[in-house]
Amino acid sequence: MLHMVAKLHYEADMAQVDIAKKLGVSTATISRLLQKARAVGIVRIEVIDLATPEEITTALIAKLGLKQAQVVDAPVSGGLGALVSAVDTMLKETGLKSGSVLGIGWGRAIREVVGAGLPRIPGVITVPMTGGMQQAAAHFQINEFVRQAAERMGGTPHFLHAPYLPSPELRDAFINDPTVKEVLTQWDHMDAAIVGVGLPHAINPPEASAATANEKALNQAVGDVIRHYINQDGELLEWDGEQRMIAVSPDQLRATPLVIGIAATPEKARGIIGAVRSGMINALATDTTTAQAILDLLD
């Protein structure tokens, strides 16, 4: 009878009261029988552990072909701040030293990570990877991120006092300015970089974006890296403004030994996949929820 009651309850999914009616006994009797079935080993209940951050990290590296990845079990709130340790670990393992060049991107993720702290690497050179924007929101202030990063790391900041999207005529004037040219030259010698991955414009809050109308028209874009837009296959999408940006190029990112993408929201999963496939990022710092969303898409 133990076996029959266990089969009815756990396999046929019958409620205890229904089993009692079927067998003509009390519900309390069925409850005792189920307890005994577990005690004697007829029923075994197993709680399956979810994949650990370490296991998810290994899967991400294998499926995306990343050089490095760090997945953290981030809290529901403050997820970006939890990625500080992941970025810290990867930068330390890169072997940066005095004179090494670290490129800095912009966005909420960069702001949180730089503000929370980066590893001490005295003498490192920090450089912005795009010109400035007129927006007042804190996550647009790339020169400030460069200054903070240098302060926390014990390095030297190089600032870029030029707009990210000037007119074609002004662009030529800016890039030939000696102080601007000094920063642009550093882009060819970056040893590492940290960048955010942008959301598709359709779901990006207006206050989080400085995109022009032409950028917003890229409906097929799943995200961007330094305003270089991609689809999920990693193909770059041209837009009116791409050629006049003052920003590090996709080829310069691809030539950088370590480019860490920092993102912690499942909505960015497609953008992260596209960014990796484009070659613009080759390392990833993220949380378990976002990492699992990436793996689900890849599967």
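The following refers to the structure shown. Fair warning: this is a prediction, and the values are worked out from it, not measured in the lab. (Residues numbered from 1 in each chain as written. Predicted model: local features only at pLDDT ≥ 70, side-chain atom pairs only at ≥ 80, totals over all residues. Heavy atoms only, no water.)

**Thoughts on the overall build of the chain**
(1) Moving on: Of the regular secondary structure elements, the chain holds 13 helices and ten strands.
(2) Moving on: For 299 residues, the compact-globule estimate of 2.2 N^0.38 gives 19 Å, and the chain exceeds it by more than 25% at 26 Å.
(3) Moving on: Judged by the C-alpha coordinates and their principal axes, the chain covers about 90 × 45 × 30 Å.
(4) Moving on: A burial count over the chain gives 50% of its 299 residues as buried.
(5) Moving on: Across the chain, contacts joining residues at least 24 apart in sequence account for 71% of those joining residues at least 6 apart.
(6) Moving on: Roughly 14,300 Å² of accessible area belongs to the chain as shown, and the carbon and sulfur atoms make up 51% of that amount.
(7) Moving on: In the chain, 25 side chains carry a positive charge and 32 a negative one; their mean positions are 8 Å apart. (Helix = DSSP H or I, 4+ residues; strand = E, 2+ residues; numbered from the N terminus. Rg over C-alpha atoms; globule rule 2.2 N^0.38 Å. Buried < 20%, exposed > 50% of the residue type's maximum accessible area, 1.4 Å probe, protein only. Contact = heavy atoms within 4.5 Å. Areas by Shrake-Rupley, 256 points an atom, 1.4 Å probe, with all protein chains shown as cover. Lys, Arg positive; Asp, Glu negative; His and termini not counted. Charge placed at Lys NZ, Arg CZ, Asp CG, Glu CD.)

**Observations concerning the pairing of strand β5 (residues 192–196)**
For a regular strand, side-chain orientation follows a simple rule: the groups alternate between the two sheet faces.
(1) Moving on: Across the five residues of β5, five count as buried, placing the element largely inside the fold.
(2) Moving on: In β5, alternate side chains face the same way, and those of Ala-192, Ile-194 and Gly-196 on one face and Ala-193 and Val-195 on the other are all buried.
(3) Moving on: Pairing of strand β2 (residues 101–104) with β5 involves three bridges; the strand directions are parallel. Of the residues in β5, the one forming a bridge with Gly-103 is Ala-193.
(4) Moving on: Bridging between β5 and strand β9 (residues 258–262) involves five bridges; their strand directions are parallel. Across the sheet, Val-195 pairs through a bridge with Gly-261, a residue of β9. (Pairing = 2+ DSSP bridges.)

**Some thoughts on the pattern of salt bridges**
(1) Moving on: One pass over the structure, following the stated rule, counts eight salt bridges.
(2) Moving on: Taken together, the shared-partner salt bridges in this structure form one network comprising Glu-144, Arg-147 and Glu-151. (Salt bridge = Lys/Arg side-chain N within 4 Å of Asp/Glu carboxyl O.)

**Some remarks on unusual backbone geometry**
(1) Moving on: One non-glycine residue, Ile-226, adopts positive backbone phi at about 50 degrees.
(2) Moving on: Looking at the element boundaries, Ile-226 is found in the loop between β6 (223–225) and β7 (228–230).
(3) Moving on: Phi is positive for Arg-227, which is not a glycine, with a value near 65 degrees.
(4) Moving on: The class for Arg-227 is buried, based on a relative accessible area of 3%.

**Here we look at the sheet that holds strand β1 (residues 68–72)**
Note: strands within a sheet are paired through backbone hydrogen bonds, in either parallel or antiparallel orientation.
(1) Moving on: Strand order across the open sheet formed by seven strands is β1-β10-β9-β5-β2-β3-β4, with parallel pairing between neighbours. Two strands lie at the open edges of the sheet, namely β1 and β4 (156–157), each paired on one side alone.
(2) Moving on: Each of β1 and β10 (283–287) touches helix α4 (residues 53–64); the most contacted strand, β1, lies at about 150 degrees to it. (Axes fitted to C-alpha atoms, helices over the stretch in contact; angles between N-to-C directions.)

**Observations regarding the sheet that holds strand β8 (residues 236–237)**
(1) Moving on: In space, the three strands of this open sheet follow the order β6-β7-β8, with antiparallel pairing throughout. The sheet is open, and its two edges are formed by β6 and β8, each paired on a single side.
(2) Moving on: Here β6 pairs with β7 via three bridges, running antiparallel. Of the residues in β7, the one forming a bridge with Asp-224 is Tyr-229.
(3) Moving on: Sitting on the sheet, helix α12 (residues 269–278) is in contact with β6 and β7, with an inclination near 110 degrees to β7.

**Describing the nonpolar core**
(1) Moving on: By size, the foremost hydrophobic cluster in this structure holds 84 residues, and its most contacted members are Leu-60, Trp-187, Ile-260 and Ile-262.
(2) Moving on: Excluding its chain neighbours within four sequence positions, the residues that come into contact with Ile-262 are Leu-83, Val-87, Ala-109, Ile-110, Val-113, Ile-194, Val-195, Gly-196, Val-197 and Ala-285.
(3) Moving on: Counting residues in hydrophobic clusters, the runner-up holds eight residues, among them Val-5, Ala-20, Ile-30 and Leu-34. (Core = buried A, V, L, I, M, F, W, Y, C linked by side-chain atoms within 4.5 Å.)

**Some details on the packing of aromatic side chains**
(1) Moving on: Counted under the stated rule, the structure contains two aromatic pairs.
(2) Moving on: Ring centres of Trp-106 and Phe-140 lie 5.3 Å apart, and the angle between their planes is 35 degrees; this geometry places the pair in the tilted category. With Trp-106 in the loop between β2 and α6 (108–116) and Phe-140 in the loop between β3 (125–128) and α7 (142–153), this pair connects stretches of sequence that are 34 residues apart. In this pair, the class of Trp-106 matches that of Phe-140, namely buried. (Phe/Tyr/Trp six-rings, centres within 6.5 Å; stacked < 30°, edge-to-face > 60°.)

**What about the layout of surface pockets?**
(1) Moving on: Empty space within the second largest pocket amounts to approximately 210 Å³.
(2) Moving on: Lining the second largest pocket are 14 residues, with His-228, Glu-242, Gln-243, Ser-249 and Pro-250 sitting closest to its centre. (1 Å grid on protein atoms, 1.4 Å probe; cavity = no way out; pocket = protein on both sides within 12 Å on 5 of 7 lines; lining within 4 Å. Points joined across faces, edges and corners; volume = space filled by probe spheres on them.)

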